[in-house]
Amino acid sequence: SFLYIFYTIFIYFASTYFFKGVRYDHRDGAFDWDYQMQLKSKPGGERVNYQEYKHWRETGVAFTWLETENTEPNLKFATGVLAKGEKLVSQGYLGDITNGPFLGFGIDCEDKDLLKTANGICVKRSADIMERNLLRLFYELEQGKEYEHCAGGVDDELGVVIRDISKVDVNKVGDVVSPREKPRDITKKKETYSALYIPKAQVHFLPCTSLHQFPQSSKFKNFFNMVYMSSTAVKMIGTHLNQLIEDNASVLIESKKYIVGIGKDEKSKFVDSVNELAKQNGWQPCKPFDVNTDSLAWFRKTKTTEEI
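Rules and cut-offs
- Residues numbered from 1 in each chain as written.
- Predicted model: local features only at pLDDT ≥ 70, side-chain atom pairs only at ≥ 80, totals over all residues.
- Heavy atoms only, no water.
- Pairing = 2+ DSSP bridges.
- Helix = DSSP H or I, 4+ residues; strand = E, 2+ residues; numbered from the N terminus.
- Buried < 20%, exposed > 50% of the residue type's maximum accessible area, 1.4 Å probe, protein only.
- Arc of directions from axis to C-beta.
- Contact = heavy atoms within 4.5 Å.
- Core = buried A, V, L, I, M, F, W, Y, C linked by side-chain atoms within 4.5 Å.
- 1 Å grid on protein atoms, 1.4 Å probe; cavity = no way out; pocket = protein on both sides within 12 Å on 5 of 7 lines; lining within 4 Å.
- Points joined across faces, edges and corners; volume = space filled by probe spheres on them.
- Nonpolar A, V, L, I, M, F, W, Y, C, P; charged D, E, K, R; others polar.
- Axes fitted to C-alpha atoms, helices over the stretch in contact; angles between N-to-C directions.
- Salt bridge = Lys/Arg side-chain N within 4 Å of Asp/Glu carboxyl O.
- Patch = residues over 30% accessible without salt bridge, like charges linked within 9 Å, V, L, I, M, F, W, Y side chains within 5 Å.
- Areas by Shrake-Rupley, 256 points an atom, 1.4 Å probe, with all protein chains shown as cover.
- Phe/Tyr/Trp six-rings, centres within 6.5 Å; stacked < 30°, edge-to-face > 60°.

A. Spatial organisation of the pairing of strand β6 (residues 245–254). Two strands pair when backbone bridges link them, and strand β5 (residues 224–229) and β6 are joined in this way by 5 bridges, in the parallel orientation. Residue pairing across strands places tyrosine 228 opposite leucine 252, the latter belonging to β6. Pairing of β6 with strand β8 (residues 296–301), which is carried by 5 bridges, proceeds in the antiparallel orientation. In the strand pairing of β8, serine 250 is matched with arginine 300.

As structure tokens, this is what we get:
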């Protein structure tokens, strides 16, 4: 009868949902696969701890202190809900949630004590390695001399530090607010910071449309002696860029060496697009480019027949 068929179908789907559990490729399974089969196998990828990578994939928060719990969500890449006529459109998350921000400064360090392993696992987290690298970078920019880390100092005390009451200066501790008092104004205020002064160096942030506007001005003709572009910008660059860089200028293109989730075919297509871009602009390779081992593709602009 109809009721018997309905009951059989209901029991089947109920048992599938309640007893078979979550699919292997859902959330935790997908995170584990991307880490074990993709990120960890890349050079230096094993220095990204699985727990911090999983925490990043779940929350969008990459760097945390030990023995603490992050209570503020990362909303930098969240676009929220936008009105489109009479409808509401949810844009979701537009950032790179798969790879994470660890690979820039968090997989290698001059201080080899941060790269020690125990039982095949890196003792320090990628966050610790990145903190040391950025500390060295900012120190050398500001002080103009080589950074030397003092082992055993306060910088090595990770996480919450419990101190004796006798060592705490009571005068420096904030006033205790009574429950009867009015709550303080906790509105976040905009903080401003002064930039480091670096002689003969300036940083200009320009929109992407500048690549199409600058060639129309004679001021920027053969102006730049070095160009660096991301792997995603390769498809947007044409021959107009060649008018902006001088002869013998270096052109550096980011590789897809560390990108998680792409296969051999996509890597091969990327190499073809890079070589095609170099051919169109007359850039000569400074060394052979291998997308699996090289972090950058390095080219140099040479004079074309028309320029000569």
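There is more to say after this.
B. Layout of helix α2 (residues 28–39). Within α2, burial applies to Phe31, Asp34, Tyr35, Gln38 and Leu39. Taken around the axis of α2, the buried residues stretch over an arc of 115°, which confines them to a single face. Of the surrounding secondary structure, the elements contacted by the buried residues of α2 are α3 (50–59).

C. A look at the nonpolar core. Residues Met229, Ile253, Trp283 and Phe299 are the most contacted members of the largest nonpolar core, which totals 23 residues. Those elements giving two or more residues to this core turn out to be β5, β6, α6 (264–281) and β8. Here the element with the most residues in this core is α6; it accounts for 5 residues. Contact partners of isoleucine 253, with chain neighbours within four places excluded, come to Met229, Val234, Phe270, Val274, Leu277, Ser295, Leu296, Ala297 and Phe299. In this structure, Tyr35, Leu39, Tyr53 and Trp56 belong to the second largest nonpolar core, which totals 12 residues.

D. Spotlight on the layout of surface pockets. Taken as a whole, the largest pocket holds about 840 Å³ of empty space. Taken together, 23 residues make up the lining of the largest pocket; nearest its centre are Leu206, Leu211, Phe214, Phe224 and Tyr228. Contributing elements (two or more residues each) for the lining of the largest pocket: α5 (210–213) and β5. Tallied by class, residues from the lining of the largest pocket come to 18 nonpolar, 5 polar and no charged.

E. Spatial organisation of the sheet that holds strand β7 (residues 283–285). Taken in spatial order, the 4 strands of this open sheet run β5-β6-β8-β7, and their pairing is mixed. Since the sheet does not close on itself, it has two edges, and those belong to β5 and β7, each with one partner. Neighbour-to-neighbour, the strand axes of this sheet turn through a mean angle of 25°, independent of strand direction. Both β7 and β8 contribute to a ladder of 3 bridges, which runs antiparallel. Its bridge partner being in β8, glutamine 284 is matched across the sheet by arginine 300.

F. The pattern of salt bridges, seen in detail. Under the definition given, this model contains 10 salt bridges. With its nearest N and O atoms 3.6 Å apart, the salt bridge here joins glutamate 110 to arginine 136. With glutamate 110 in the loop between β2 (87–90) and β3 (117–118) and arginine 136 in helix α4 (residues 126–143), the pair connects residues that are 26 residues apart, well separated along the chain. Taking the shortest distance from any N to any O, the salt bridge between aspartate 111 and arginine 132 comes out at 2.8 Å. Of this pair, aspartate 111 sits in the loop between β2 and β3 while arginine 132 sits in helix α4; the two residues are 21 residues apart in sequence, bridging distant segments of the chain. Residue class for aspartate 111 comes out buried when judged on its relative accessible area of 15%. Three or more residues joined by partner-sharing salt bridges are found here, namely Glu110, Asp111, Arg132 and Arg136.

G. Representation of a nonpolar patch on the surface in the model. A surface patch of nonpolar side chains, amounting to about 500 Å² of accessible area, comprises Phe105, Leu137, Phe138, Leu141, Leu196 and Ile198. Here leucine 137 lies in helix α4. Here leucine 137 falls in the partly exposed class, since its relative accessible area comes to 34%.

H. Seen up close, the packing of aromatic side chains. The final tally for this structure, using the stated rule, is 8 aromatic pairs. Each ring, one from tyrosine 139 and one from tyrosine 147, has its centre 5.3 Å from the other, and the planes form 70°; the classification is edge-to-face. For tyrosine 139, a relative accessible area of 27% corresponds to the partly exposed category. For the ring pair phenylalanine 220 and phenylalanine 224, a centre distance of 6.4 Å and an interplane angle of 5° mean the geometry is stacked. Since its relative accessible area comes to 17%, phenylalanine 220 is described here as buried.

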